[in-house]
Amino acid sequence: TSSSARPRKEAMAEVSNKRVILKRYVTGFPAEDDMELVPATARLAVPPGSNAVVVKNLYLSCDPYLRSRMSGNDEPSHVPDFVQGEVLTTLGVSKVVESGHQDYKPGDLVWGMTGCEEYTLITDLQSHFKINHPELPLSYYTGVLGMPGLTAYVGFFDVAKPKKGEYVFVSAASGAVGQLVGQLAKISGCYVVGSAGSDEKVNLLKTKFGFDDAFNYKKEQDLDATLKRCFPEGIDIYFENVGGAMLDAVLLNMRLHGRVSVCGLISQYNLEQSEGVRNLFCIITKRIRMEGFIVTDHYGSYRKFEEEMAGYLKEGKITYVEDVAEGIESFPTALIGLFYGRNIGKQLVVVARE
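Residues numbered from 1 in each chain as written. Predicted model: local features only at pLDDT ≥ 70, side-chain atom pairs only at ≥ 80, totals over all residues. Heavy atoms only, no water.

Okay, the overall build of the chain next. Secondary structure summary: the chain contains nine helices and 17 strands in total. Its C-alpha atoms give the chain a radius of gyration of 22 Å, within 12% of the compact-globule value 20 Å for 354 residues. The C-alpha extent of the chain, read off along each of the three principal axes, is 85 × 45 × 35 Å. Looking at the chain as a whole, 54% of its 354 residues are labelled buried. Sequence separation of 24 or more characterises 70% of the internal contacts of the chain that already satisfy a separation of 6 or more. As displayed, the chain offers around 16,200 Å² of accessible surface, 51% of which is attributable to carbon and sulfur atoms. A gap of 4 Å separates the mean positions of the 38 positive and 44 negative side-chain charges of the chain. (Helix = DSSP H or I, 4+ residues; strand = E, 2+ residues; numbered from the N terminus. Rg over C-alpha atoms; globule rule 2.2 N^0.38 Å. Buried < 20%, exposed > 50% of the residue type's maximum accessible area, 1.4 Å probe, protein only. Contact = heavy atoms within 4.5 Å. Areas by Shrake-Rupley, 256 points an atom, 1.4 Å probe, with all protein chains shown as cover. Lys, Arg positive; Asp, Glu negative; His and termini not counted. Charge placed at Lys NZ, Arg CZ, Asp CG, Glu CD.)

Under the counting rule described, the total for this entry stands at 19 salt bridges. The salt bridge involving E308 is made with K304; its shortest N-O contact spans 4.0 Å. Residue E308 and its partner K304 are located together in helix α8 (residues 302-315), separated by four residues, close to a single helical turn. A relative accessible area of 27% means that E308 is categorised as partly exposed. (Salt bridge = Lys/Arg side-chain N within 4 Å of Asp/Glu carboxyl O.)

Now for the sheet that holds strand β14 (residues 254-262). Overall, parallel pairing links the six strands, which are arranged β12-β11-β10-β13-β14-β15 in an open sheet. Edge positions in the sheet fall to β12 (213-216) and β15 (289-292), since each has one partner strand and no second. Pairs of neighbouring strands in the sheet enclose a mean axial angle of 15 degrees, with direction left out of account. In terms of strand pairing, strand β10 (residues 167-170) meets strand β11 (residues 191-196) through four bridges, oriented parallel. Note on β11: the bridge partner recorded for V168 is V192. (Pairing = 2+ DSSP bridges. Axes fitted to C-alpha atoms, helices over the stretch in contact; angles between N-to-C directions.)

Attention now goes to the domain arrangement of the chain. Along its sequence, the chain is carved into domain 1 (14-143 + 321-350) and domain 2 (148-296). Centre-to-centre separation of domain 1 and domain 2, based on C-alpha positions: 29 Å. With 18 residues of domain 1 at the interface, the matching set in domain 2 holds 15 residues. Together domain 1 and domain 2 conceal approximately 1,300 Å² of surface at their shared face, both sides included; 63% is due to carbon and sulfur atoms. Interface area lost by domain 1 to domain 2 is led by G143, V321 and I344, which between them contribute 35%. There are zero salt bridges connecting domain 1 and domain 2. Where domain 1 packs against domain 2, one counts six residue pairs in polar contact (both at pLDDT 80 or more). A breakdown of the residues in the side of domain 1 that touches domain 2 according to their chemical character gives seven nonpolar, eight polar and three charged. (Domains from an automatic or database assignment. Buried area = accessible area lost by both parts, 1.4 Å probe. Polar contact = N/O pair within 3.5 Å; in protein donor to acceptor, adjacent residues only side chain to side chain. Nonpolar A, V, L, I, M, F, W, Y, C, P; charged D, E, K, R; others polar.)

Moving on: helix α5 (residues 223-230). Regarding α5, the residues found buried are L223, T226, L227 and C230. In an axial view of α5, the angular spread of the buried residues amounts to 95 degrees, which keeps them on one side of the axis. Where α5 is buried, its residues contact β10, β11, β12, β13 (235-240) and α6 (244-253). The N-terminus of α5 is capped by D222, whose side-chain oxygen sits 3.1 Å from the backbone nitrogen of D224. (Arc of directions from axis to C-beta.)

Taken as a whole, the second largest pocket encloses approximately 220 Å³ of empty space. Lining the second largest pocket are 14 residues, with M113, I122, T123, D124 and H128 sitting closest to its centre. Among the secondary structure elements, those contributing two or more residues to the lining of the second largest pocket are β7 (109-115) and β8 (119-122). Of the residues belonging to the lining of the second largest pocket, the class tally is four nonpolar, eight polar and two charged. (1 Å grid on protein atoms, 1.4 Å probe; cavity = no way out; pocket = protein on both sides within 12 Å on 5 of 7 lines; lining within 4 Å. Points joined across faces, edges and corners; volume = space filled by probe spheres on them.)

Here it is, written out as structure tokens:
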């Protein structure tokens, strides 16, 4: 029979593909209506001869760093700005539905950068990873087994370089990264205190994540006094997620040769003018090492990390709390909630479960 007589693959069909776009660049705190859910369609086919894949997005990650991509920045950052009117991109867990790539076949589960939409054509798979532990919850690959997990691991072990018995302080301690830093610190034999923004989160730190102590920073009038109460001997390692007044108070309470691993500064992301830091002289007198890091520089150690973390999860040595929003339409609200502390644990959005 001639080729034209063969039934055409059903996959060429167009499907509905709701997507979230950036409506306008953001100044100050982002709002839901800076983004927009728009109807669209997707062709479930890869361009002939390309090594692209079409994926069905299952779980999308909401992360604070996305805020910097929503501003029309004059200075280039470590991640490019979103484009007004175009679909947002974020880390996600996806299932391959069509593939022109020899290493990927339909049905494969992957995590990496994808669109805030139901289906995405991915042309560059260099920073995508196949999922090696599908027996664990797939959503974990937006969190504990994905970028936030590797962030906690690298920021704690490679940057802070902990020693048994050291005193560790973690800010935003119940978030996607903080909850893991605290648990890794306990596994390493450290004394760990965390700060969070509600009594419910503080309770979680002490009861579920095994922190030695924790406090609600919104209820503390004097952060310096609070830290002196929690750390009468001072702090060896500060895992920095927030910046601002907390960093200033921590610098006063660091021990000699303390380390500050700078992961994020969420208190500053929505300010027109960043707050200054007053106590930098402590870096000299206490011989403090303060180092920032970007997790993508460490993707080379992902596989080693994935195996170690999967082991901890299966052994019950690490537990993970997620805050799950349902449906692609909930992405804007879920993302904005991060900047008001509405999430309890790792914020993610379920687009589809399979």
